Amino acid sequence: MYPQSKFTQHSQPQTCARLAYAKYIQRIGREPAPMHADFASQIDKGYIDVATLDLQFAGYVVFYPDGDYMHLENVAVLPIYSGNGIGKQLIEHVERAAKEAGNKAVELYTNEAMTENIAMYAKLGYIEIGSRCEAGFNRIYFRKQL
């Protein structure tokens, strides 16, 4: 698996988001925000890198610099590839990119109902720095110093 920054099909991340986040609809009570992201705009801005496995699209990550840190907006893996470490590799890719860009940290948020994500971020060294309701979503914010 190698994160890549170039691809041509804007529908790949959208389809991936819909499939990867579908399991959270019942927990949250509505579709998670990534299911409605403007992927075409994010691709045009260069904010999305993708993961491939055997030359097939496997997942993506959305990230961009924000002040002295890199903001990790969204990471998703197609369910057929889930459990193979691709999500972790995408997060590590963001951390490397942040270091290379001179950022001091990576910040992200997740919905409080996505408990497995909360546990994963803690395991990867992210520290909870706050929580708040935004756009009707209860979000927990994390930061990892690099």
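Before reading further, recall that the structure is shown in the block above.
1. So, the packing of aromatic side chains
Any two aromatic rings considered together are summarised by their centre-to-centre distance and by the angle between their planes. Scanning the model with the defined rule gives 6 aromatic pairs in all. Their ring planes at 80 degrees and their centres at 5.4 Å tell us that Phe-39 and Tyr-60 sit as a pair that is edge-to-face. Of this pair, Phe-39 sits in helix 3 (residues 39-44) while Tyr-60 sits in strand 2 (residues 56-66), placing them 21 residues apart in sequence. The residues Phe-39 and Tyr-60 share a single accessibility class, namely buried. Where Tyr-121 meets Phe-142, the ring centres are 5.8 Å apart and the plane angle is 50 degrees; that geometry is what we call tilted. Within this pair, whereas Tyr-121 is found in helix 5 (residues 115-123), its partner Phe-142 is found in strand 6 (residues 137-145), the two being separated by 21 residues in sequence. You'll find Tyr-121 and Phe-142 in the same group, each marked buried.

2. A few points about the side chain of Lys-144
Among the structural elements, Lys-144 can be located in strand 6. From its side chain, Lys-144 meets the backbone oxygen of Leu-124 in a polar contact 2.8 Å long. Once residues lying within four places of it in the same chain are set aside, the contact partners of Lys-144 are Glu-95, Lys-104, Ala-105, Val-106, Leu-124, Gly-125 and Tyr-126.

3. As for the pairing of strand 2
Relative to strand 2, strand 1 (residues 48-53) is paired through 6 bridges, and the arrangement is antiparallel. In the sheet register, Asp-49 faces strand 2, and the bridge partner there is Val-61. Here strand 1 hands over to strand 2 after 2 residues, with Asp-54 in that stretch at a positive phi of 55 degrees. Relative to strand 3 (residues 69-77), strand 2 is paired through 8 bridges, and the arrangement is antiparallel. Bridged to Tyr-64 within strand 3 is His-71. The antiparallel pairing of strand 2 with strand 3 creates a hairpin that spans 2 residues between the two strands, and Gly-67 there sits at a positive phi of about 70 degrees.

4. What about unusual backbone geometry?
For Leu-55, which is not glycine, the phi dihedral falls at a positive 65 degrees. Within the secondary structure, Leu-55 sits in the loop between strand 1 and strand 2. The exposure class of Leu-55 is exposed, given its relative accessible area of 81%. You will see that Ala-135, though not glycine, has its phi angle at about 50 degrees, which is positive. Assignment of secondary structure puts Ala-135 in the loop between strand 5 (127-134) and strand 6.

5. Some details on the sheet that holds strand 2
Across the sheet, 6 strands lie side by side as 1-2-3-4-6-5; this open sheet has mixed pairing. Edge strands, defined here as strands with exactly one partner in the open sheet, are strand 1 and strand 5. Each strand axis lies, on average, 25 degrees off the axis of its neighbour in the sheet, ignoring direction. Across the face of the sheet, helix 4 (residues 86-100) comes into contact with strand 1, strand 2, strand 3, strand 4 (105-111) and strand 6 while running at roughly 160 degrees to strand 3.

6. Structural notes on the layout of surface pockets
By volume, the largest pocket amounts to about 830 Å³. Lining the largest pocket are 39 residues, and of these Tyr-21, Tyr-24, Val-75, Ala-76 and Asn-117 lie nearest its centre. Those elements giving two or more residues to the lining of the largest pocket turn out to be helix 1 (11-21), strand 3, helix 4, strand 4, helix 5 and strand 6. Ranked by the residues each element gives to the lining of the largest pocket, the list is headed by strand 3, at 6 residues. Its residues assigned to classes, the lining of the largest pocket shows 24 nonpolar, 10 polar and 5 charged.

What counts and what doesn't
Residues numbered from 1 in each chain as written. Predicted model: local features only at pLDDT ≥ 70, side-chain atom pairs only at ≥ 80, totals over all residues. Heavy atoms only, no water. Phe/Tyr/Trp six-rings, centres within 6.5 Å; stacked < 30°, edge-to-face > 60°. Helix = DSSP H or I, 4+ residues; strand = E, 2+ residues; numbered from the N terminus. Buried < 20%, exposed > 50% of the residue type's maximum accessible area, 1.4 Å probe, protein only. Polar contact = N/O pair within 3.5 Å; in protein donor to acceptor, adjacent residues only side chain to side chain. Contact = heavy atoms within 4.5 Å. Pairing = 2+ DSSP bridges. Axes fitted to C-alpha atoms, helices over the stretch in contact; angles between N-to-C directions. 1 Å grid on protein atoms, 1.4 Å probe; cavity = no way out; pocket = protein on both sides within 12 Å on 5 of 7 lines; lining within 4 Å. Points joined across faces, edges and corners; volume = space filled by probe spheres on them. Nonpolar A, V, L, I, M, F, W, Y, C, P; charged D, E, K, R; others polar.

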